[in-house]
Amino acid sequence: MSTDYQQAREALGARLRELRTETGLNGKEFAERLGWQRSKVSRLENGKQTAADTDIEAWTRAAESPGAVDELTHALRRLRRLETASRSWRRQLAAGHRAVQEGHAVQEAQAETIHIFESGVIPGIFQTPDYARGVLTDVSNRLDTPRDIEEGVRARMKRQEAVFEPGHHFHVLVWEAALHVARCSPEAMAAQLNRLSGFIGLDTVTLGIIPLGARTPFSPKHGFWIIDERLVVADTWNAEVWLDAPDDVALYRKMWDLMQESAVFDHQAHRLIARARAALTLK
């Protein structure tokens, strides 16, 4: 399924194609007029490449449509905003896991309050090295990205320093299903669940578990983080989406509050974590 970003790029390409066809020139002839390779015209028209400002100016001159500059420039600016908001995992991980983890560490160190929801994974700030190693390995295998697993694990462990520093508070909700999704060996999962339980009662953490049998007015979907009530970072299969529009932030905070009403805390959360640990088959 295409993203809003890709759809916008294809829409811009379609408009460029319209301007070119109005000249009566085919792609090869139009490329010659521009002094470009035919392949560049094709990539722009088919939404395979993002146009630069100079490309827009050259295109409208070649199409003898100077009046289209403002329209296309506006479309290009919207496209760039969407590109910034939707950060492809493959593109982010081109530099490896360590760079991504260090980028998140800076953001978390600067934040005072972070609200987190995860439906199928233990949040990174609570992960053990073995669990994190399993998660990062799975990501590299799935996306065929650089396998700097150990560097990524060390960087993820360093991120956790913020959890223990005064001046921060992490409000975390985890769907109970995440406690049962095996991302490492049973022994490592047991250690991970023990570690998660240890965060309950920490003065910088509020940890709630949403029971599988709870009546909820929502369907647990993708995980997300709300940073200082100003930014939402949401995970999808192919991208990390950054949302800073006030309406978007307010909606995600409303969803978090609804989830909190369905969650259990303290000794009840301990009980659910212990139940998940007891369900493991250890060697």
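One structure accompanies this document, and this report is about it. (Residues numbered from 1 in each chain as written. Predicted model: local features only at pLDDT ≥ 70, side-chain atom pairs only at ≥ 80, totals over all residues. Heavy atoms only, no water.)

Quick notes on the layout of surface pockets
Space inside the largest pocket adds up to approximately 900 Å³. Along the walls of the largest pocket sit 35 residues, with W89, E118, V121, D235 and T236 positioned nearest its centre. Elements represented by at least two residues in the lining of the largest pocket include exactly α7 (97–110), α8 (129–143), α9 (149–159), β5 (224–227) and β6 (231–235). Ranked by the residues each element gives to the lining of the largest pocket, the list is headed by α7, at 6 residues. The residue makeup of the lining of the largest pocket, split by class, is 15 nonpolar, 11 polar and 9 charged. (1 Å grid on protein atoms, 1.4 Å probe; cavity = no way out; pocket = protein on both sides within 12 Å on 5 of 7 lines; lining within 4 Å. Points joined across faces, edges and corners; volume = space filled by probe spheres on them. Helix = DSSP H or I, 4+ residues; strand = E, 2+ residues; numbered from the N terminus. Nonpolar A, V, L, I, M, F, W, Y, C, P; charged D, E, K, R; others polar.)

A closer look at helix α12 (residues 266–278)
Its 13 residues give α12 an end-to-end C-alpha distance of 18 Å, which sits within 8% of 18 Å, the value for a rise of 1.5 Å per residue. Where α12 is concerned, the buried positions are A269, L272, I273 and A276. Looking straight down α12, one finds its buried side chains confined to an arc of 95°; they lie on one side. Exposed positions of α12 whose direction lies more than 90 degrees from the buried face are H267, R271 and A278. Buried residues along α12 sit against α10 (186–198) and β4 (205–210). (Expected span 1.5 Å × (residues − 1). Buried < 20%, exposed > 50% of the residue type's maximum accessible area, 1.4 Å probe, protein only. Arc of directions from axis to C-beta. Contact = heavy atoms within 4.5 Å.)

With respect to the packing of aromatic side chains
Following the criterion strictly, the structure yields 6 aromatic pairs and no others. Measuring from centroid to centroid gives 5.9 Å for F164 and F199, while their planes differ by 35°, and the two rings are tilted. Of this pair, F164 sits in the loop between α9 and β3 (169–175) while F199 sits in the loop between α10 and β4; the two residues are 35 residues apart in sequence, bridging distant segments of the chain. For F164, a relative accessible area of 48% corresponds to the partly exposed category. A ring pair is formed by F224 and Y252, whose centres lie 4.9 Å apart and whose planes are at 75°; its orientation type is edge-to-face. Residue F224 is found in strand β5, and its partner Y252 is found in helix α11 (residues 246–262); the two are separated by 28 residues along the sequence. (Phe/Tyr/Trp six-rings, centres within 6.5 Å; stacked < 30°, edge-to-face > 60°.)

A closer look at the side chain of H97
Within the secondary structure layout, H97 lies in helix α7. On the basis of relative accessible area, H97 is assigned to the buried category, the value being 3%. Setting aside residues no more than four positions away along its own chain, H97 makes contact with L136, V139, S140, P146, D148, I149 and G152.

Some words on the sheet that holds strand β1 (residues 86–88)
The strands that make up a sheet pair up through hydrogen bonds in the backbone, lying either parallel or antiparallel. On the basis of which strands lie adjacent, the open sheet formed by 7 strands has the order β1-β7-β6-β5-β2-β3-β4 and mixed pairing. In the strand order of this sheet, the two ends are held by β1 and β4, each with one partner. Across the sheet, the mean angle from the axis of one strand to that of its neighbour is 15°, orientation sign disregarded. Relative to β6, β5 runs antiparallel, the two sharing 4 bridges. Looking across to β6, one finds that W225 is bridged to V233. (Pairing = 2+ DSSP bridges. Axes fitted to C-alpha atoms, helices over the stretch in contact; angles between N-to-C directions.)

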